[in-house]
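# Observations on the three-dimensional arrangement
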Amino acid sequence: MDNAKLVISEARQWDRLMALAEIGAIVGDGVNRQALTALDRQARRLVIGWAAEIGASVSVDAAANLWFRVEGSDPAAAPVLTGSHMDTQPKGGRFDGIYGVIAGLEAIAALHDAGIVTRRPIEVVAWTNEEGCRFGIGCTGSMSWAGVHPTDFWDDRRDLAGVGYGKALAEHLAAEADIPRRALGGVPHAYIEAHIEQGPLLEAAGVDVGVVTGIQGSRWFTVTVQGESAHAGTSPVRGRKDALQDAMRAISALSGAMDDPADVLRFTVGHMVVLPNASNSVADHVTFSVDLRHPDGAFLTARGDAITGIVDAAMTTCTASVHEGFNAQPVVFAASVVDAIEAAAEAASVSHVRLASGAFHDAQFVSGVAPSGMIFVPSHKGISHNPAEFSSSAQLAAGTQVLANALLALAS
Ligand code: GLV
Ligand code: MN
Ligand code: MN
């Protein structure tokens, strides 16, 4: 196939990204569009309209993943898949996730505009609930699709308002009942996810796109510390079971144990709930999150498995429990897809470098089912999960051109 015929529209892609950034817009150019909310559905309807313009069919599966498909000349051939997610962090930016969905749409629009029908079908997917901020668990759409867990596995995970994942998913599917339902799962020929880098390497190197070789592992834990509430003025400090004091000891002990002078192991406590959360009551209940990441699976397993012992040893008067909610093992992407992306960048005269991903992505789970890869575009100053997240229209377009060329090659 002749890549030269494939012309993506930089302006169309940018305008679509900016239109989507209005849905859930927050101050400072940011976006707060949580998974399985009315805003999520509003954004999906906009994208469905754009897909209809080029005759792509739309469907939704039981995990609420949203699918667009253009047929190939061989209907029996396994499809080539691309996509990413549409939900954002509470203080998210305009590009994390949504870029990969809009880039996929732009790639199939370019094929449509050029009158090219590939042999294999091409599908664009918007995976449900990648970010993990609403229910404390990410990538539920891609995990369900890949058969890692059934869709009801997280039914009891609740958001801050007490709404369970199962209820939110059911409500969402009811709101999309007019969209044809497709079976959950599948075996695509290959998957490519375009995404912003979310780190500083590409910009520092002055390179247009990153050809992603794999993703480091992530483990998420929730630590619960149980104490006893008491009056701040009348209860002697010595006799208290202060859950916040013991939680702070635990966090401090974990920070020490997880400190890595080489800064490869990444340890983060980013979420904490203190109850009753009153200045004049001793806290009886504290939960905090632990996000742990490392590229080596055995190392990550060992460090993660040590958390319970470290927390228990830090307790003075309270009791603690540790629950693991998310485990994404490190993955190495398939050489066939990595090579196809590299060749596509080369053919488009887009400068490129191989690199690994520090963030997790839906591709981590898709790669268990189909040969997968990712394309990164530079993030200004590496800023992400922040309203200031920025990649220029030209940088995003270069990534999409590489995506379109790679999809065409893999679907031919
Ligand atoms: C994805 O958003 C991550 O936290 O890596
Ligand atoms: Mn993302
Ligand atoms: Mn993210």
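## Comments concerning the coordination of the manganese ion (ligand 3)
Listed as protein donors to the manganese ion (ligand 3) are D96 (OD), E131 (OE), E131 (OE) and H385 (NE2); their distances from the metal cover 2.1 to 2.4 Å. Spacing between the donor residues of the manganese ion (ligand 3) along the chain follows D-x34-E-x253-H.

## Let's talk about the coordination of the manganese ion (ligand 2)
Within the first shell, the manganese ion (ligand 2) binds the protein through H85 (NE2), D96 (OD) and H195 (NE2), at distances of 2.0 to 2.2 Å. Considered as a linear motif, the donors of the manganese ion (ligand 2) on their single chain read H-x10-D-x98-H. Between the manganese ion (ligand 2) and the manganese ion (ligand 3) the interatomic distance comes to 3.6 Å, and D96 is a ligand of both metals. Taken together, the residues span a long stretch of sequence, with H85 in strand β5 (residues 80-85) and H195 in strand β7 (residues 190-196) at a distance of 110 residues. Per residue, the accessibility class of H85 equals that of H195, and both read buried.

## Structural notes on the nonpolar core
Buried together is how nonpolar side chains tend to be arranged in soluble globular proteins. If you look at the biggest cluster of nonpolar residues, it comprises 96 residues, and the most contacted ones within it are L20, V47, F68, I192 and F326. Taken domain by domain, the makeup of this core includes at least three residues from each of domain 1 (3-216 + 330-411) and domain 2 (218-328). For L20, the contacting residues outside a window of four places in its chain are R33, A43, L46, V47, W50, M86, I98 and I102. Core analysis: the next-biggest nonpolar cluster, separate from the first, contains 23 residues, A243, I251, V286 and I310 among them.

## A closer look at helix α10 (residues 335-347)
Over its 13 residues, α10 extends 18 Å from the first C-alpha to the last, a length consistent with the 18 Å expected when each residue adds 1.5 Å. Turning to α10, its buried residues are V337, V338, A340, I341, A344 and A345. All buried residues of α10 fall inside an arc of 160 degrees around its axis, so they share one side. Residues of α10 that are exposed and angled more than 90 degrees away from the buried face: A335, E346 and A347. S349 sits one or two residues past α10 and shows a positive phi near 55 degrees.

## Digging into the site of ligand 1
Around ligand 1, the neighbouring residues are E130, E131, R293, A359, F360 and H385. One nitrogen or oxygen atom from the side chain of R293 is found 2.6 Å from an oxygen atom belonging to ligand 1. H385 has a polar side-chain atom sitting 3.3 Å from an oxygen atom of ligand 1. Across the shell around ligand 1, the residue classes break down as two nonpolar, one polar and three charged.

## Let's talk about the packing of aromatic side chains
In the structure shown here, the tally under the stated rule is 14 aromatic pairs. Their ring planes at 40 degrees and their centres at 6.3 Å tell us that W67 and W145 sit as a pair that is tilted. Remark: W145 occurs in helix α4 (residues 140-146) and W67 occurs in strand β4 (residues 66-70); sequence separation between them is 78 residues. Assigned by exposure class, W67 and W145 land together as buried. Put simply, the rings of W67, W127, W145 and Y191 touch in pairs and so form one group of aromatic residues.

Conventions used here
- Residues numbered from 1 in each chain as written.
- Chains lettered and ligands numbered in written order.
- Predicted model: local features only at pLDDT ≥ 70, side-chain atom pairs only at ≥ 80, totals over all residues.
- Heavy atoms only, no water.
- Donors = N, O, S within 2.8 Å, 3.2 Å for Na, K, Ca; no water.
- Helix = DSSP H or I, 4+ residues; strand = E, 2+ residues; numbered from the N terminus.
- Buried < 20%, exposed > 50% of the residue type's maximum accessible area, 1.4 Å probe, protein only.
- Core = buried A, V, L, I, M, F, W, Y, C linked by side-chain atoms within 4.5 Å.
- Domains from an automatic or database assignment.
- Contact = heavy atoms within 4.5 Å.
- Expected span 1.5 Å × (residues − 1).
- Arc of directions from axis to C-beta.
- Near = heavy atom within 4 Å.
- Polar contact = N/O pair within 3.5 Å; in protein donor to acceptor, adjacent residues only side chain to side chain.
- Nonpolar A, V, L, I, M, F, W, Y, C, P; charged D, E, K, R; others polar.
- Phe/Tyr/Trp six-rings, centres within 6.5 Å; stacked < 30°, edge-to-face > 60°.

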